[in-house]
Structures are given as structure tokens and as C-alpha cells.
Amino acid sequence: IPMDAIKEMNEDPKAPRKLNLLIMGGSVTMGVVGHINPVTDKGPNRRDGAWPARIDHFLRNLFHGMELINLQSMTLGGTNTESAITMWDYSLLAGDIPYPDILINAYATN
């Protein structure tokens, strides 16, 4: 996407709103053990090393720093898809998480 087009989208009040992306998952999605770097002793902290944070970083760079996607992650270790279904069915999303346009179910087997 050309930089000029992105700027015009952000300046136009009639432009579409940000895309809401929600990632729900367990400990792997949360970044447990993701901060360990086998090559060096330096690595990102747990939250920054988690793959949702890396996707957020990638998308921001892809769109030249413009915030076109509102990425939220809702993770809890030791949970599975069944837990997510309960959270979804009873609307147990945190108050600051908007209803997603895209939901990524990222649970490992527990």
C-alpha cells in the first residue's frame, strides 16, 4: 500500500474504521518460553516475544507505522478452545476489547 494512500485514509473522516483483530489463546500465545533465545542470551521479554506482539509489529511496519489494525490478544495459560467458547458465549471479553472483525483461535492442545 503506498504511503500516500494510507495517509489519505487516516485523514478522511469518511474512511473505514480500524480493523479489530482479536487473538485468543493459551500459554504459547501468551509467550511462555518465547523469550528464550537459543542463539544468544539476549532475547525479548515474554510479552514482546509472544507471536501476537510480533504480528502487531509486522503489521505496523507493513502499513508504514499507520494504525489501521487494532490488534488485541486475550490469553491465559492452561486454557483451551472450550474455555474460549465459554468466554465468547457469555461475553466475557475485557471491557477495553472491541468486538472483533477477525478472531484468531490460537489454542494449543492441553
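Keep in mind it's a predicted model, so treat the numbers as computed, not measured.

What counts as what
- Residues numbered from 1 in each chain as written.
- Predicted model: local features only at pLDDT ≥ 70, side-chain atom pairs only at ≥ 80, totals over all residues.
- Heavy atoms only, no water.
- Pairing = 2+ DSSP bridges.
- Helix = DSSP H or I, 4+ residues; strand = E, 2+ residues; numbered from the N terminus.
- Axes fitted to C-alpha atoms, helices over the stretch in contact; angles between N-to-C directions.
- Contact = heavy atoms within 4.5 Å.
- Expected span 1.5 Å × (residues − 1).
- Buried < 20%, exposed > 50% of the residue type's maximum accessible area, 1.4 Å probe, protein only.
- Arc of directions from axis to C-beta.

A.B. asks: Before we go on, may I ask you to explain the sheet that holds strand β3 (residues 102–106) in this structure?
C.D. replies: Backbone hydrogen bonds hold the strands of a sheet together, and the pairing may be parallel or antiparallel. Taken together, 3 strands build an open sheet; the order of strands is β2-β1-β3 and the sheet is parallel. What marks the edges here is a single partner per strand, and that holds for β2 (69–75) and β3. Neighbouring strand axes in the sheet, compared pairwise and without regard to direction, differ in orientation by 15° on average. With 5 bridges joining them, strand β1 (residues 19–25) and β3 adopt parallel strand pairing. Opposite L21, over in β3, you have I102 as the bridge partner. Where helix α4 (residues 51–62) meets the sheet, its contacts fall on β1, β2 and β3, and the angle it forms with β2 comes to roughly 175°. In this fold helix α5 (residues 81–89) packs onto β1, β2 and β3, with an angle of close to 135° to the strand it touches most, β1.

A.B. asks: I would appreciate a short explanation of α4 in the present structure.
C.D. replies: Along an α-helix, a turn takes 3.6 residues, which lines up residues three or four apart on a common side. Taking 1.5 Å of rise per residue, 12 residues should cover 16 Å, and α4 covers 16 Å from first to last C-alpha, within 8% of that figure. Turning to α4, its buried residues number three or more, namely P52, D56 and L59. Relative to the axis of α4, the buried residues are bounded by an arc of 65° and lie together on one face. What points out from α4, more than 90 degrees from its buried face, is the exposed set H57 and F58. The inward-facing, buried residues of α4 contact β1, α2 (27–30) and β2.

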